[in-house]
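Spelled out, the chains give:
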Amino acid sequence: MWRYAQYYEGDHQRLAFSQARYKDAFREVFETWRDNFCGLIVDSATERMVVEGFRLPESPGFDQDARELWQRSSMDVLSTAVHLDAMVQGRAYVLVWPGDDGEPSIQPVSGEEMVVQYKPGSRTELEAAARFFLDAWGRQWVTLWTEDYVYEVKRGQTEWENGVRSRNPLGVVPVVPFHNRSRLSGAPYSDLANVIPIQDAINKTVSDALTASEFAAFPQRYVTGLEIIEDDQGNPVEPFKIAVDKLLQAEDPQARFGAFEAASLSNYCDLVGLLLQHMSSISRTPSHYFLVNGGAAPSGEAIISAEAGLVAKVRERMLYFGESWERVIRLCFALKGDKRAEAYSMETVWRDPEYRTEAQHIDALLKLKQLNVPEEQLWSDAGYTPSQISTFREMRKADAKAAAEIQKLGPQPEQAGPDAVTSPSEARAARMAAKPPQGNSGNASRKIHEKK
């Protein structure tokens with residue numbers, strides 16, 4: 001797991017592929033150099049995984065109590081760290097335990113600190129979980145959870161047999177594993193497992209290109225027909241100090257100056273581009289993220305097509321991680337003694353991982369409205385948070401109340417009294433409408449015969 005973390009951070013194999021005689025010469029120049037794509041591969045997926053809330057089929061909208069538990073533990077931010085660790089190191093864990101105020105507390109735990117044991121023959125039920133944590137003061141913390149008891153060792157001690165045993169009020173192990181697409185057999189794997197060999201090849205190629213740029217990319221000059229001058233020991237003396245502001249000249253008319261062609265670095269660039277294409281295919285990351293097409297990014301429908309593999313990959317991770325988050329919320333309800341601790345029909349609501357233009361997105365939602373999709377669902381699909389949707393409901397109520405008050409202050413329709421002129425019946429109104437209009441022939445005749 002440490003190795004995967006180093007590749008994600010880009011802190012791996014500095015000058016590992018440089019030849020021994022070049023390491024000392026380039027150590028100060030290339031010591032901090034890195035060309036790392038591992039972080040890009042993981043971040044391109046985790047940035048699309050955002051938990052919006054939790055929903056129960058029997059209640060409309062988001063579950064407000066679950067949202068309150070989520071916000072209390074600052075999981076809007078920490079949930080991203082759980083997804084990130086799970087994809088980088090293959091696994092992460094979440095501990096649900098009462099806080100100092102007695103309310104459920106959700107605590108993400110790194111896979112470097114936690115180990116779990118499943119029940120024989122089960123892939124979901126835990127038999128035990130243990131956490132080994134070293135704080136900033138160098139004190140050791142050890143805790144073991146089972147279904148029956150919790151075993152804690154006093155901080156700072158290494159004699160684990162001298163711990164304190166207490167009853168587990170939950171009756172289950174309060175730890176939820178987040179495995180990155182684990183198989184039926186074998187350990188969960190990191191998203192960087194198949195990418196690291198290609199990253200090493202890229203580092204090797206770029207290291208060779210940097211070395212060539214230092215030695216072979218500078219055009220080497222030569223001169224013929226010039227007498228070679230030697231020193232007292234018989235070693236040839238360099239006749240010129242070549243620089244940008246120096247002019248080469250010789251008195252001998254037979255002397256000829258020339259320069260060797262500088263080495264081209266295009267072959268290295270082509271090889272790096274090929275390796276990036278392989279990395280894009282294996283990791284299902286769009287190729288335009290690596291700018292392998294000469295820096296030209298696609299647009300419009302081409303982007304949607306290019307990102308189809310990445311979106312499918314993210315949705316698959318949502319399937320695994322969403323099930324784990326539902327178990328976390330059920331454990332929180334179990335600590336509160338709520339019947340929703342057995343709400344196995346609960347589902348995690350994720351933000352749409354597909355990027356589209358605002359016009360395309362809203363146009364699709366308006367078409368869904370014609371299918372009588374509820375407005376609250378459309379608001380959620382539009383990307384609004386549960387808090388914003390709750391605010392929308394209150395604002396709609398306020399608008400309706402204001403409209404009713406304005407209607408009361410406006411002019412009211414008159415009531416028909418005994419002296420009021422009644423409107424004609426429908427039959428009479430129809431006859432009046434069908435009667436042809438009066439002509440103006442009389443007026444025209446009167447104007448003709450009118451005395452001037």
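Preceding block: the structure.
What you are looking at is a predicted structure, and each value in this text was computed from that prediction instead of being measured.

Trainee: Help me out: how do you make sense of the pairing of strand β6 (residues 140–146) in this one?
Mentor: Look at any regular strand and the pattern is simple: side chains alternate between the two faces of the sheet. With seven bridges joining them, strand β5 (residues 126–134) and β6 adopt antiparallel strand pairing. Considered in β6, the bridge of L134 is made with Q140. The turn joining β5 and β6, which pair antiparallel and follow one another in sequence, is formed by five residues; a positive phi near 85 degrees is taken by G138. One ladder, built from four bridges, connects β6 with strand β7 (residues 149–153); its direction is antiparallel. By the bridge assignment for β7, V142 is matched with V153. Hairpin remark: β6 followed by β7, antiparallel, with two residues in the connecting loop.

Trainee: Is there a simple way to think about the layout of surface pockets in this case?
Mentor: Using a probe with the size of a water molecule, rolled over the atoms, empty space left in the structure can be pinpointed. Of the voids in this model, the largest pocket is the one considered here, and its volume is about 1,000 Å³. If you go around the largest pocket, you meet 37 residues; those closest to its centre are R123, T124, E125, P177 and R327. Of all the secondary structure elements, the ones that give two or more residues to the lining of the largest pocket are β2 (91–98), β4 (114–118), β9 (175–179) and α9 (308–335). For the lining of the largest pocket, the element with the highest residue contribution is α9, accounting for nine residues. Of the residues contributing to the lining of the largest pocket, the split by class is 22 nonpolar, five polar and ten charged. Put simply, the second largest pocket is a space of about 380 Å³. Taken together, 16 residues form the lining of the second largest pocket, with R131, W141, T143, W145 and E152 sitting closest to its centre. Taken together, the elements giving at least two residues each to the lining of the second largest pocket come down to β2, β5, β6, β7 and β8 (164–167). Sorting elements by how many residues they give to the lining of the second largest pocket places β6 first, with four residues.

Trainee: I tried to follow the nonpolar core on my own but got confused; where do I start?
Mentor: In terms of nonpolar packing, the biggest core is built from 51 residues, with F178, I202 and W325 touching the most fellow members. Counting residues per element, this core draws most heavily on α9, which supplies ten residues. If we skip the residues at most four places from it in the chain, F178 touches V82, A86, G90, R91, A92, V94, F321, S324, W325 and V328. Among the nonpolar cores identified, the runner-up in size contains eleven residues, and V109, L126, W145 and V173 belong to it.

Trainee: Help me understand the environment of L365, please; the structure alone is not making it clear to me.
Mentor: Mapped onto the secondary structure, L365 falls in helix α10 (residues 358–369). Distance in space between the C-alpha atoms of L365 and L378 is 6.3 Å, their sequence separation being 13 residues. Other than its neighbours up to four places away in sequence, L365 contacts L378, D381 and A382.

Trainee: Can you walk me through the environment of A334 in this structure?
Mentor: Note that A334 resides in helix α9. In this structure, the C-alpha to C-alpha distance between A334 and L170, residues 164 residues apart in sequence, is 7.1 Å. The contacts of A334, once residues within four sequence positions are left out, are L170 and A341.

Trainee: Is there a simple way to think about unusual backbone geometry in this case?
Mentor: The phi angle at S74 is positive, at roughly 60 degrees, despite the residue not being glycine. For S74, the location among the structural elements is in the loop between α4 (64–72) and α5 (75–89). Despite not being glycine, R284 has its phi angle at roughly 60 degrees, a positive value. Tracing the backbone through its elements, the reader meets R284 in the loop between α7 (266–283) and α8 (301–306).

Trainee: Could you clarify how one ought to interpret the packing of helix α3 (residues 38–46) against α5 in this entry?
Mentor: The axes of two packed helices give the description: the angle between them and the distance between them. Running from N to C, α3 and α5 cross one another at 140 degrees; their axes reach a closest spacing of 10 Å. What the angle tells us is that α3 and α5 run oblique. In this structure, α3 crosses over α5, and the sense of that crossing is right-handed. On α5, the residues touching V42, D43, A45 and T46 of α3 are H83, L84, M87 and V88. The residue inventory of the contact of α3 with α5, partitioned by class, reads five nonpolar, two polar and one charged.

Trainee: What should I look at first to understand the pairing of β2 in this one?
Mentor: Pairing of β2 with β9, which is carried by five bridges, proceeds in the antiparallel orientation. Within β9, the position partnered with R91 by the bridge is H179. Here seven bridges tie β2 to strand β3 (residues 104–110), and the two strands are oriented antiparallel to one another. Bridge pairing in β3 links V96 to I106. Hairpin connection between β2 and β3: a loop of five residues separates the two successive antiparallel strands, and G102 in this loop has a positive phi of roughly 85 degrees.

Trainee: I keep staring at the sheet that holds β9 and nothing clicks. Help me out?
Mentor: As a general point, the strands of a sheet are linked pairwise by backbone hydrogen bonds and lie either parallel or antiparallel. What the three strands build is an open sheet, ordered β3-β2-β9; its pairing is antiparallel. Either end of the sheet is taken by a strand with one partner, and the two such strands are β3 and β9. Across this sheet, the average inter-strand angle for adjacent strands is 20 degrees, counted without regard to direction. Relative to the sheet, α5 contacts β2, β3 and β9, its axis offset from that of β2 by approximately 145 degrees.

Trainee: Would you take a moment to explain the packing of α4 against α9 for this structure?
Mentor: One can describe the packing of α4 onto α9 by two numbers: an axis separation of 11 Å at closest approach and a directional angle of 95 degrees. Between α4 and α9, the angle is such that the two are roughly perpendicular. Here α4 contributes D65, A66, L69 and W70 to the contact with α9, which in turn contributes W325, I329, C332 and F333. In the contact of α4 with α9, the residues fall into seven nonpolar, no polar and one charged.

Trainee: Any chance you could explain the sheet that holds β4 here in plain terms?
Mentor: With antiparallel pairing, five strands are arranged side by side in an open sheet as β4-β5-β6-β7-β8. At either end of the open sheet lies a strand with only one pairing partner, and these are β4 and β8. Each neighbouring strand pair of the sheet contributes to a mean axis angle of 15 degrees, computed without reference to strand direction.

What counts and what doesn't
Residues numbered from 1 in each chain as written. Predicted model: local features only at pLDDT ≥ 70, side-chain atom pairs only at ≥ 80, totals over all residues. Heavy atoms only, no water. Pairing = 2+ DSSP bridges. Helix = DSSP H or I, 4+ residues; strand = E, 2+ residues; numbered from the N terminus. 1 Å grid on protein atoms, 1.4 Å probe; cavity = no way out; pocket = protein on both sides within 12 Å on 5 of 7 lines; lining within 4 Å. Points joined across faces, edges and corners; volume = space filled by probe spheres on them. Nonpolar A, V, L, I, M, F, W, Y, C, P; charged D, E, K, R; others polar. Core = buried A, V, L, I, M, F, W, Y, C linked by side-chain atoms within 4.5 Å. Buried < 20%, exposed > 50% of the residue type's maximum accessible area, 1.4 Å probe, protein only. Contact = heavy atoms within 4.5 Å. Axes fitted to C-alpha atoms, helices over the stretch in contact; angles between N-to-C directions. Parallel < 35°, antiparallel > 145°, perpendicular 65-115°, else oblique. Left-handed = near helix turned anticlockwise from the far one by under 90°.

Everything listed here is a matter of coordinates, which is why it stays silent on function.
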